[in-house]
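Overview (structure and organization)
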Amino acid sequence: MKRIAVCPGSFDPIHNGHLDIVERCRPLFDGVVVAVLQNEGKAPLFSVEERVAMIEELVAPWDDVRVESFSGLLVHYMDEIGARIVVRGLRAVSDFEYEFQMAMMNRHLGPRVETVFMTPREEFSFLSSRLVKEAFSLGGDIRGLVPDLVLERLDRRINGER
Ligand code: ADP
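Below you will find a few notes about this structure. Here the structure is a predicted model, which means the values were calculated and not measured.

**Structural notes on the overall build of the protein**
Within the protein, the secondary structure is distributed over six helices and five strands. Starting at the N terminus, the α and β elements of the protein follow one another as β-α-β-α-β-α-β-α-β-α-α. For the protein, whose C-alpha radius of gyration is 16 Å, the value lies close to the compact-globule estimate of 15 Å for 162 residues. Viewed in the frame of its principal axes, the protein has a C-alpha envelope of about 50 × 30 × 30 Å. The 162 residues of the protein split such that 45% are buried. Put simply, 73% of the contacts in the protein that link residues at least 6 apart link residues at least 24 apart. Of the roughly 9200 Å² of accessible surface on the protein, 52% is carried by carbon and sulfur atoms. Looking at the protein, you have 20 positive and 26 negative side-chain charges, and the mean spots of the two groups are 2 Å apart.

**Section: the sheet that holds strand β5 (residues 114-118)**
Pairing in this open sheet of five strands is parallel, and the strands run β3-β2-β1-β4-β5 from one edge to the other. A strand with exactly one partner marks an edge of an open sheet, and here the two such strands are β3 (65-70) and β5. Shown here is a sheet whose adjacent strand axes are inclined to one another by a mean of 30°, direction ignored. In this structure, strand β4 (residues 85-89) lies alongside β5, joined through five bridges in parallel fashion. Paired with G89 across the two strands is M118, which belongs to β5.

**Observations concerning the nonpolar core**
Judged by nonpolar contacts, the single largest core of 36 residues is most densely connected at C25, I55, V87, I142 and V150. Those elements giving two or more residues to this core turn out to be β1 (4-9), α1 (16-25), β2 (31-37), α2 (48-59), β3, β4, α5 (129-137) and α6 (148-159). Filtering out sequence-adjacent residues up to four positions away, V87 remains in contact with A5, V6, C7, P8, I21, C25, F29, V116 and M118. Within the second largest apolar cluster, twelve residues are counted, among which are V33, F70, L74 and V75.

**Focus: unusual backbone geometry**
Residue P13 is reached from D12 by a cis peptide bond, and omega for that bond is 0°. Backbone geometry at F11 places phi at a positive 50°, although glycine is not the residue there. In this fold, F11 is placed in the loop between β1 and α1.

**A look at a nonpolar patch on the surface**
Judged by side-chain polarity, V93, F96, F100 and M104 come together as a nonpolar surface patch covering roughly 410 Å² of accessible area. Relative to the elements of secondary structure, F100 occurs in helix α4 (residues 93-109).

**Details of the side chain of S129**
Of note, S129 is situated in helix α5. Polar contacts involving the side chain of S129 include one to the main-chain carbonyl oxygen of P13, which spans 2.9 Å. In contact with S129, not counting residues within four places along its chain, are D12, P13, H15 and H18.

**As for the environment of L37**
Looking at the element boundaries, L37 is found in strand β2. In the structure, L37 is positioned 15 residues away from V52 in sequence and 9.8 Å away in space, judged by C-alpha atoms.

**Observations regarding the pattern of salt bridges**
Tallied over the full model, the rule gives 14 salt bridges. For D64, the salt bridge is made with R26, and the minimal N-O distance between the two is 2.9 Å. Of the two residues, D64 sits in the loop between α2 and β3 while R26 sits in the loop between α1 and β2, which places them 38 residues apart along the sequence. Among the residues examined, R26 registers a relative accessible area of 25% and is labelled partly exposed. Here R66 and E68 are joined by a salt bridge, their closest N and O atoms 2.9 Å apart. R66 sits in the partly exposed class, given a relative accessible area of 37%. One continuous salt-bridge network, built from bridges that share partners, spans D12, R51 and K133.

Cut-offs applied
Residues numbered from 1 in each chain as written. Predicted model: local features only at pLDDT ≥ 70, side-chain atom pairs only at ≥ 80, totals over all residues. Heavy atoms only, no water. Helix = DSSP H or I, 4+ residues; strand = E, 2+ residues; numbered from the N terminus. Rg over C-alpha atoms; globule rule 2.2 N^0.38 Å. Buried < 20%, exposed > 50% of the residue type's maximum accessible area, 1.4 Å probe, protein only. Contact = heavy atoms within 4.5 Å. Areas by Shrake-Rupley, 256 points an atom, 1.4 Å probe, with all protein chains shown as cover. Lys, Arg positive; Asp, Glu negative; His and termini not counted. Charge placed at Lys NZ, Arg CZ, Asp CG, Glu CD. Pairing = 2+ DSSP bridges. Axes fitted to C-alpha atoms, helices over the stretch in contact; angles between N-to-C directions. Core = buried A, V, L, I, M, F, W, Y, C linked by side-chain atoms within 4.5 Å. Patch = residues over 30% accessible without salt bridge, like charges linked within 9 Å, V, L, I, M, F, W, Y side chains within 5 Å. Salt bridge = Lys/Arg side-chain N within 4 Å of Asp/Glu carboxyl O. Polar contact = N/O pair within 3.5 Å; in protein donor to acceptor, adjacent residues only side chain to side chain.

Right, dumping it as structure tokens:
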């Protein structure tokens, strides 16, 4: 049986911390699925289709990585695709409590599922999608924190066509 790592998240938008985790998964697993949560309730900046399309472009060179969207319970989605391993990124101790609760809840809901935590490169350990959007919309220079493609889409979405 193939070991498939599922990296779930909102990815609104994807940034270099996320990509670093996906890249770190590649040598450890037979395949990686980036699973984009359909969370329209959170009023995302990018639609789930836009988020999936952006990530697909970025991971195109990696044929062991695929991108999908899901809604509802992660453990149900994992059952559907026959995967057992969830990989979550841990940036700092502050992430721990929430991630620990999520992992325990997922274990309760789907005992087959194991959650694995990975840490990103230090220079990405302060990054979050929320901060990326906030800094960019206030005119901050976020080059090097997100791929150029994401920077372009953020510019179009936040500043509009000029
Ligand atoms: P969520 O809405 O589920 O928190 P995110 O899109 O914010 O989803 O994050 C998806 C995954 O990426 C989570 O496992 C999160 O911990 C991880 N992650 C987010 N930012 C970083 C980062 N800078 N470095 C490493 N992992 C990160």
